[in-house]
Amino acid sequence: MRFPALPDFPWDSLTGAAAVARGHPDGVVDLSVGTPVDPVPEAVGEALRAAWDSPGYPQTWGTPALREAAAAALGRRHGAGRSAVEGLDPDAVLPTVGSKELVAWLPTLLGLGDGDVVAFPDLAYPTYEVGAQLAGARPVRVGDDEPLPADARLVWLNSPSNPTGRVLDAAALAARIAEARALGAVVAADECYLGLPGPGVVATSVLDPVVHGGDLEGLLAVHSLSKISNLAGYRAGLVLGDPALVAGLLQVRKHAGMIVPRPVQEAMTAALGDDVGVAATRDRYDARRAVLRPALEAAGMRIEHSEAGLYLWATADEPCRATVDRLAARGILVAPGEFYGPAGAAHVRVALTASDERIAAAAQRLAG
Ligand SMILES: Cc1ncc(COP(=O)(O)O)c(C=O)c1O
């Protein structure tokens, strides 16, 4: 067997710090992996339960109701007054088994391979690199202000960003898309945190005509219900955009059996109708950010970006593992910035995914 050469799974290297943090007499505050802890909305769980008797194969394309709900939700949630994602074609929507699966396999599904460049932000979710490696393509990190490599075939954008919480405005997104189009590269915008902008922050989708100029060609948006609807356990993602690209992905995914289970499709449809739940989630994370950010600053850390999304990007101007260890000694577990690229060597990523009680405990420990 020749399995693809992939990096070590980064979280395995956190075992020592995790053991230290767990030894705190009042228990660990785990702010490392961004995994939701708040409940699944009741109506979403009911939709899942109601679809339990699903003996037949589900459609890879998703039910028409799911695709319509997705197009409508994006229009409503990222529509008038903020931006104008309108008139999306439900036929150009495809459900995915969470968005990580799509991120990991997109270069392969697009037929990329040897010699093809997959570009992604210099500080990024690790799976963009893994996806390039799985396809045998070449992963290249590109800073937000650096030009794209001339041989880029796929360009990942991620706003709001994991790990930095940085938001690219419509002009910056449009400029990147124009640059990629000039190279003939596909742009995939990972928008899994788009529904979680901080107070007063406008996070624009690449599906907004202000960004794409009225033409979706070569453009994909990747969405996830994991964070905005607390559905990480359901594995519920979406990819949508250029109808020709989505049709191509559908074709390959049908052959490959990359299908979202029918009960999950029903749950997704319910979640896409639940704007109140998404707003409540956003408010919760805003409140946690408002507690944790000043607490980290008062403890001597500098916070960069972090205006949206699920993370605080913090530095104590020392190697990230030293910060991880110091916080672990106080019972707080965070992720070392080097997980997200060499540019993160002096940063840590602090997730807001803990209960209000645990976030308050973290603030108290930081003050102690
Ligand atoms: C930037 C980014 N993209 C994609 C994902 C994958 O999310 P999921 O597979 O739960 O949809 C994550 C998860 O943390 C992420 O941070």
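Note that this is a predicted model, so its numbers are computed, not measured.

S.K.: Teacher, can you tell me more about the site of the ligand here?
M.R.: Around the ligand, the surrounding shell holds 14 residues, and the nearest of these are Asp190, Tyr193, Ser224, Ser226 and Arg235. The separation between a nitrogen atom of the ligand and a polar side-chain atom of Asp190 is 2.5 Å. Ser224 is positioned with one of its side-chain polar atoms (N or O) 2.6 Å from an oxygen atom of the ligand. The protein chains hide 91% of the 400 Å² of surface that the ligand would expose on its own. Residue contributions to the shell around the ligand peak at three residues, all from helix H4 (residues 98–109). Among the residues making up the shell around the ligand, the classes are represented as four nonpolar, six polar and four charged.

S.K.: Any chance you could explain the pattern of salt bridges here in plain terms?
M.R.: Opposite charge on two side chains permits them to pair, given that their charged atoms come into close proximity. Following the criterion strictly, the structure yields 23 salt bridges and no others. Arg365 serves as the salt-bridge partner of Asp26, at 3.3 Å between the closest nitrogen and oxygen. Note that Asp26 is positioned in the loop between helix H1 (15–22) and strand S1 (29–30) and Arg365 in helix H12 (residues 356–367), a separation of 339 residues in sequence. The exposure class of Asp26 is partly exposed, given its relative accessible area of 44%. With a relative accessible area of 9%, Arg365 lands in the buried category. For Arg358, the salt bridge goes to Glu357, with nearest N and O atoms at 2.9 Å. Here Arg358 falls in the buried class, since its relative accessible area comes to 15%. Residue Glu357 is classed as partly exposed on the basis of its relative accessible area of 47%.

S.K.: Hey, could you run me through the side chain of Asp38 in this one?
M.R.: Within the secondary structure layout, Asp38 lies in the loop between S1 and helix H2 (42–50). Taking relative accessible area as the criterion, Asp38 reaches 12% and is therefore assigned buried. A distance of 2.9 Å separates a polar atom in the side chain of Asp38 from a polar atom in the side chain of Arg288. Ignoring sequence-local partners within four residues, the contact set of Asp38 consists of Asn230, Arg284, Tyr285 and Arg288.

About the criteria used
Residues numbered from 1 in each chain as written. Predicted model: local features only at pLDDT ≥ 70, side-chain atom pairs only at ≥ 80, totals over all residues. Heavy atoms only, no water. Near = heavy atom within 4 Å. Polar contact = N/O pair within 3.5 Å; in protein donor to acceptor, adjacent residues only side chain to side chain. Areas by Shrake-Rupley, 256 points an atom, 1.4 Å probe, with all protein chains shown as cover. Helix = DSSP H or I, 4+ residues; strand = E, 2+ residues; numbered from the N terminus. Nonpolar A, V, L, I, M, F, W, Y, C, P; charged D, E, K, R; others polar. Salt bridge = Lys/Arg side-chain N within 4 Å of Asp/Glu carboxyl O. Buried < 20%, exposed > 50% of the residue type's maximum accessible area, 1.4 Å probe, protein only. Contact = heavy atoms within 4.5 Å.

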